[in-house]
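So you can see what is in the structure, the chains are spelled out below.
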Amino acid sequence: MEGWDLESGRSGAQANLRTSLGFSPEDGRQAVATGFTTRSDIGPARDANDPVDDRHAPPGKRTVGDQMKKSQAADDDDEDLNDTNYDEFNGYAGSLFSSGPYEKDDEEADAIYAALDKRMDERRKERREQREKEEIEKYRMERPKIQQQFSDLKRKLAEVTEEEWLSIPEVGDARNKRQRNPRYEKLTPVPDSFFAKHLQTGENHTSVDPRQTQFGGLNTPYPGGLNTPYPGGMTPGLMTPGTGELDMRKIGQARNTLMDMRLSQVSDSVSGQTVVDPKGYLTDLNSMIPTHGGDINDIKKARLLLKSVRETNPHHPPAWIASARLEEVTGKLQVARNLIMKGTEMCPKSEDVWLEAARLQPGDTAKAVVAQAVRHLPQSVRIYIRAAELETDIRAKKRVLRKALEHVPNSVRLWKAAVELEEPEDARIMLSRAVECCPTSVELWLALARLETYENARKVLNKARENIPTDRHIWITAAKLEEANGNTQMVEKIIDRAITSLRANGVEINREQWIQDAEECDKAGSVATCQAVMRAVIGIGIEEEDRKHTWMEDADSCVAHNALECARAIYAYALQVFPSKKSVWLRAAYFEKNHGTRESLEALLQRAVAHCPKAEVLWLMGAKSKWLAGDVPAARSILALAFQANPNSEEIWLAAVKLESENNEYERARRLLAKARSSAPTARVFMKSVKLEWVLGNLVAAQELCEEALKHYEDFPKLWMMKGQIEEQEELVEKAREAYNQGLKKCPHSTPLWLLLSRLEEKVGQLTRARAILEKSRLKNPKNPGLWLESVRLEYRAGLKNIASTLMAKALQECPNSGVLWSEAIFLEARPQRKTKSVDALKKCEHDPHVLLAVAKLFWSERKITKAREWFHRTVKIDSDLGDAWAFFYKFELQHGTEEQREEVRRRCENAEPRHGELWCATSKDIANWQRKIGEILVLVAARIKNTF
């Protein structure tokens, strides 16, 4: 065993190591005195010839250089060129030239190989990703997620009401009795006798047994036991603090004394009276809770910081205000009041501090604070306004404001507040004084002009223009004043002079602001002023090529803001600039039709056809307006003038025929059609001729006309359809089939022809032939939703619901964005799956009217009346031309709406004049209903609808 060097405190090994390494304490002390030297100062730590630490190293490893050579040789041997590491295709597993230098040629070669690898990977990338995608889809189909399996049930949870949710029974507790009713640990107070007993037992162990120290050591229980080599010592007995008797009575007295001290802290100085209200104690506790939601440490930091700011700069008003608001937020209102009053002493000239003090103080105290503030700041308008607000009596308010006006006579705010409290006569007197004190206030001048008589108001406005020559409102008010007094010829002059005067005074004419003022005049009933302003500013700041587009947008904007006179003025001005523009006349005509009267529309159309005689639609609108008003001769005269301007117009010919046929003048209609066929023969003219004879019951004449028409227009599918339907009406099935087949040869892309032929075969019981016809039609017309829909319905009507569902799936694959197919697919599903299908349909066709109609019907079937009505409104708004939507909507209101709601739907439908829809066309184009009005057709279609969905 090595000894311990008591002198140096080191072991012998450490002393030898110090000697062998040539280290001495003196060297260390010198190094500390002169400073340390790092490796960067002296180079490598060891030379190649230095000996290593291992003094007994074998030859070849005794110096640092030997070991470095050995490590380099080991690195050279790392390249494993064994045959087992060689592959015929890939070569060696590692790089044969890893030890060689990496030059620019190597880098270029590596880049080329990397580009080749990337190119090869991209060639397989698409195929690989497709394969991975298919594998993932197959895996998801075989093993769907729990979330997917219960998605439809989760959607239904949105329909569960609160009452249904609360009525769900609780799940039973499957635990045993001991787990359900665990026994909690019972804690019982320990009696005083327990403490006294244990204190007594502790006294027996306060000293060491004398036998243990008899032989100068511990006596072992075994004979011949070894005495310990250490001499034993007497251990004095441990004196416990509990050696006396524990007096529990004194402890109770001390506890009572402590409670008495705490209660005395909240007692009042008056003996026998306490400030604690026993009834409102809990309320007081709630009021003590700070309303600030932040951390209490943050409040303390903020309080300390604000205190520092106040002490550093006591004349800084925001510091006092922020300190008071901090205390207010934390619930210490009295502290806040004290702080802000101290702030008023330190900053008596600060308006904000006085206003904050008035806000924090209660009523009467606040008045005193404001009175004190007025003495320090007699020119402060805000303090006077606050003083008036604190008064509850009107007379007191008036007194305060008049006192304020004595000190601050040029304050517009004070004058306005004082005038609002006065009666009209007193207000007029005050305003006369106000405009003298504040001659640049437009509001005061205009208020005075409104209270004066016509003559005085003109004088007031003239004075106002002299004092404020740059404000447009004075000029507009003057124009409104002249209009209100019947002097409308002056309105135009005033507005023109306003533009000239404002420009002379350097005011830029802002077109948008003037249009906004015109809209306000329109809403106020000043029509002439509104139109004069519009005419004056509508052309300002617009390029010549942008005029028409900008003016039409302005007119639409005015209509949206319900400023109809402004829009009418814009159209009138635009028609003056563009008198030969058919589009502008049309926009103006539609505006009058929707928002004007019949007389204004007819007057506009008379001017329109004078400027644009070749515009057929304007002639037709004029004739229709006269016809709807019951003035048939006037409508005829308009169409006669239209014939003169457009001698060979098909539209005017057909309008004239419709006018005569609707008024039961069938012979005149026949003569007109005969003239039209000779002078302007078209397919539509022939079709109308056939239809007129058909509806009048002259089937032979209709057939002859149809044959004649088909000689000239064999590629017009409606003629073939009419021929087949006439034959079908006469129950000549073979001839009807032949007509349809001939028509399909000439018009193979006509969907209605295919449908008529298929339904004819189905009607005679040839289901297989009908199915074959539809399959052939789908081959010739791919991606046609109407043909797919008829195929599905054919199978459904035949009772083959499974085949119908399969066909619907194929149809949706071929036409994934067809709203007609999706709407039918919703009701092919069972009731529980319909909502899920409707969600999918809305994702594919969000704005399709057929899908929206199907969703409305779905809510209707579930008796969700409000939601159904909302979706019906949405449907007819998106496509008002869909007659089926109006019919279902009307049927819905018949069952669940009021009389007003039914009439509203009917009126809107008549205004929209729908022309399309499967059920609508089936009724409106029926020969028996050829003279029915829109409202009558609506009732008929609604009566055909049955709630089978």
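Everything below is about the structure shown above.
Residues numbered from 1 in each chain as written. Predicted model: local features only at pLDDT ≥ 70, side-chain atom pairs only at ≥ 80, totals over all residues. Heavy atoms only, no water.

**A few points about the overall build of the protein**
- On a plain count of helices and strands, the protein comes out with 51 helices and four strands.
- Within the span of the protein, comprising 949 residues, buried residues form 33% of the whole.
- A separation threshold of at least 6 residues defines the contact pool for the protein, and within that pool the share at least 24 residues apart is 49%.
- A total of about 61,800 Å² of accessible surface is found on the protein, and carbon and sulfur atoms cover 52% of it. (Helix = DSSP H or I, 4+ residues; strand = E, 2+ residues; numbered from the N terminus. Buried < 20%, exposed > 50% of the residue type's maximum accessible area, 1.4 Å probe, protein only. Contact = heavy atoms within 4.5 Å. Areas by Shrake-Rupley, 256 points an atom, 1.4 Å probe, with all protein chains shown as cover.)

**Quick notes on helix α38 (residues 717-729)**
- For α38, which comprises 13 residues, the first-to-last C-alpha distance of 18 Å matches the rise-based estimate of 18 Å (1.5 Å per residue) to within 8%.
- Turning to α38, its buried residues number three or more, namely L719, W720, M721, M722, K723, G724, I726 and E727.
- Just past α38, the residue E731 takes up positive phi, approximately 65°. (Expected span 1.5 Å × (residues − 1).)

**Some points on the packing of helix α49 (residues 899-912) against helix α51 (residues 934-944)**
- Two numbers describe how α49 lies on α51: the axes approach to 9 Å, and their chain directions differ by 125°. The angle between the axes of α49 and α51 places the two elements in the oblique class. Handedness of the α49/α51 crossing: right-handed. Residues R906, C909 and E910 of α49 form the contact with α51, whose participating residues are I934, G935, E936, L938 and V939.
- By residue class, the composition of the contact of α49 with α51 is four nonpolar, one polar and three charged. (Axes fitted to C-alpha atoms, helices over the stretch in contact; angles between N-to-C directions. Parallel < 35°, antiparallel > 145°, perpendicular 65-115°, else oblique. Left-handed = near helix turned anticlockwise from the far one by under 90°. Nonpolar A, V, L, I, M, F, W, Y, C, P; charged D, E, K, R; others polar.)

**Points about the nonpolar core**
- Ranked by size, the top nonpolar core spans 123 residues in total, and within it L414, W514, M534, V537, W551 and L618 carry the most contacts.
- Both domain 1 (296-421) and domain 2 (603-678) contribute no fewer than three residues apiece to this core.
- Apart from residues no more than four positions distant in its own chain, M534 is found in contact with I515, A518, C558, C566, A569 and I570.
- In this structure, I726, L757, L794 and I927 belong to the second largest nonpolar core, which totals 32 residues. (Core = buried A, V, L, I, M, F, W, Y, C linked by side-chain atoms within 4.5 Å. Domains from an automatic or database assignment.)

**Focus: the pattern of salt bridges**
- This model, assessed by the stated rule, comprises 42 salt bridges.
- A salt bridge links E707 to K723; its shortest N-O distance comes to 2.8 Å. Of the two residues, E707 is situated in helix α37 (residues 699-712) and K723 in helix α38; the sequence distance between them amounts to 16 residues.
- Measuring nitrogen to oxygen at the nearest pair gives 2.9 Å for the salt bridge that ties R797 to E762. Taken together, the residues span a long stretch of sequence, with R797 in helix α42 (residues 785-797) and E762 in helix α40 (residues 751-763) at a distance of 35 residues. (Salt bridge = Lys/Arg side-chain N within 4 Å of Asp/Glu carboxyl O.)

Just distances and angles here, no functional claims.
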